[in-house]
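# Observations on the model geometry
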Amino acid sequence: MVVELLMVAGVLGVALPALVLGVGGTRRRTGWYRRAIGGDRVSLVLVVSLQVLTLLLVAVLSLVVLVSAVGALVRDLEMPGLVSVFFVLDLLLAVLVVLTFGRRDPRRVRRRASPAGR
């Protein structure tokens, strides 16, 4: 029972926020993405398609883990062992999303005020 609760908390606390951040990161284009012309469009399509595939995999794994864990809690059944593997894979992919394209852009540094005004 404790393992199922930890799985539900892990998915709701790590994987779903990473999914939300990843969707925002996929829509946002910075750096060389904006200047993709000619041959670079192929690499842009490849990067975006891999990001979408990763997000889709995180969503499917999160759904499978949530349904299995909640079902095991409600019906008081034994959870299959493969769900634990899916849970670990889901957390690893969520960390990958957050550390790569799910990060927010760093804030721009504000310039100090000119001392001439004093």
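Residues numbered from 1 in each chain as written. Predicted model: local features only at pLDDT ≥ 70, side-chain atom pairs only at ≥ 80, totals over all residues. Heavy atoms only, no water.

Here the focus is the overall build of the chain. If you tally the helices and strands in the chain, you get three helices and zero strands. Secondary structure of the chain in N-to-C order comes out as α-α-α. Counting over 118 residues, the chain shows a buried share of 27%. Within the chain, contacts between residues at least 6 apart in sequence are counted, and of these 77% link residues at least 24 apart. Working note: accessible area of the chain is about 8,800 Å², and carbon and sulfur atoms make up 67% of it. (Helix = DSSP H or I, 4+ residues; strand = E, 2+ residues; numbered from the N terminus. Buried < 20%, exposed > 50% of the residue type's maximum accessible area, 1.4 Å probe, protein only. Contact = heavy atoms within 4.5 Å. Areas by Shrake-Rupley, 256 points an atom, 1.4 Å probe, with all protein chains shown as cover.)

To characterise two packed helices, one gives the angle between the axes of the helices and the distance between these axes. Direction vectors running N to C along helix H1 (residues 2-27) and helix H3 (residues 82-99) enclose 35°, while the axes themselves pass 9 Å from each other. In this structure, H1 meets H3 at a crossing whose hand is left-handed. Residues Leu 6, Met 7, Gly 10, Val 11, Val 14, Ala 15, Ala 18 and Gly 22 of H1 pack against Val 83, Ser 84, Phe 87, Asp 90, Leu 91, Ala 94, Val 97 and Val 98 of H3. For the contact of H1 with H3, a count of residues per class yields 12 nonpolar, three polar and one charged. (Axes fitted to C-alpha atoms, helices over the stretch in contact; angles between N-to-C directions. Left-handed = near helix turned anticlockwise from the far one by under 90°. Nonpolar A, V, L, I, M, F, W, Y, C, P; charged D, E, K, R; others polar.)

The next thing to look at is the nonpolar core. If you look at the biggest cluster of nonpolar residues, it comprises 12 residues: Met 7, Val 8, Val 11, Ala 15, Ala 18, Val 65, Ala 69, Ala 72, Met 79, Val 83, Phe 87 and Ala 94. By residue number, the principal contributor to this core is H1, which donates five residues. Beyond its immediate stretch of four places on either side in the chain, Ala 69 contacts Glu 4, Met 7, Val 8 and Met 79. If you look at the next biggest cluster of nonpolar residues, it comprises seven residues, including Leu 19, Leu 61, Leu 93 and Val 97. (Core = buried A, V, L, I, M, F, W, Y, C linked by side-chain atoms within 4.5 Å.)

Looking now at helix H2 (residues 40-75). The end-to-end C-alpha separation of H2 is 52 Å, in line with the 52 Å expected for 36 residues at 1.5 Å each. Every buried residue of H2 is accounted for by Leu 44, Gln 51, Thr 54, Leu 55, Val 58, Leu 61, Ser 62, Val 65, Ala 69 and Ala 72. In this fold, the buried residues of H2 make contact with H1 and H3. Among the residues trailing H2, Asp 76 stands out with phi positive, at a value near 55°. (Expected span 1.5 Å × (residues − 1).)

So, on to H1. The end-to-end C-alpha separation of H1 is 37 Å, in line with the 38 Å expected for 26 residues at 1.5 Å each. At Val 11, H1 is deflected by roughly 30°, the largest bend along its length. Restricting attention to buried positions, one finds in H1 the residues Glu 4, Met 7, Val 8, Gly 10, Val 11, Ala 15, Ala 18, Leu 19, Gly 22, Gly 25 and Thr 26. Its buried side turned inward, H1 meets H2 and H3. (Bend = angle between axes of the 7 residues up to and from the residue.)

Moving on: the environment of Thr 100. Tracing the chain through its elements places Thr 100 in the segment after H3. Along the primary structure Thr 100 and Gly 22 are separated by 78 residues, whereas in three dimensions their C-alpha atoms are 8.8 Å apart. Side-chain polar atoms of Thr 100 contact the backbone oxygen of Leu 96, separated by 2.6 Å. (Polar contact = N/O pair within 3.5 Å; in protein donor to acceptor, adjacent residues only side chain to side chain.)

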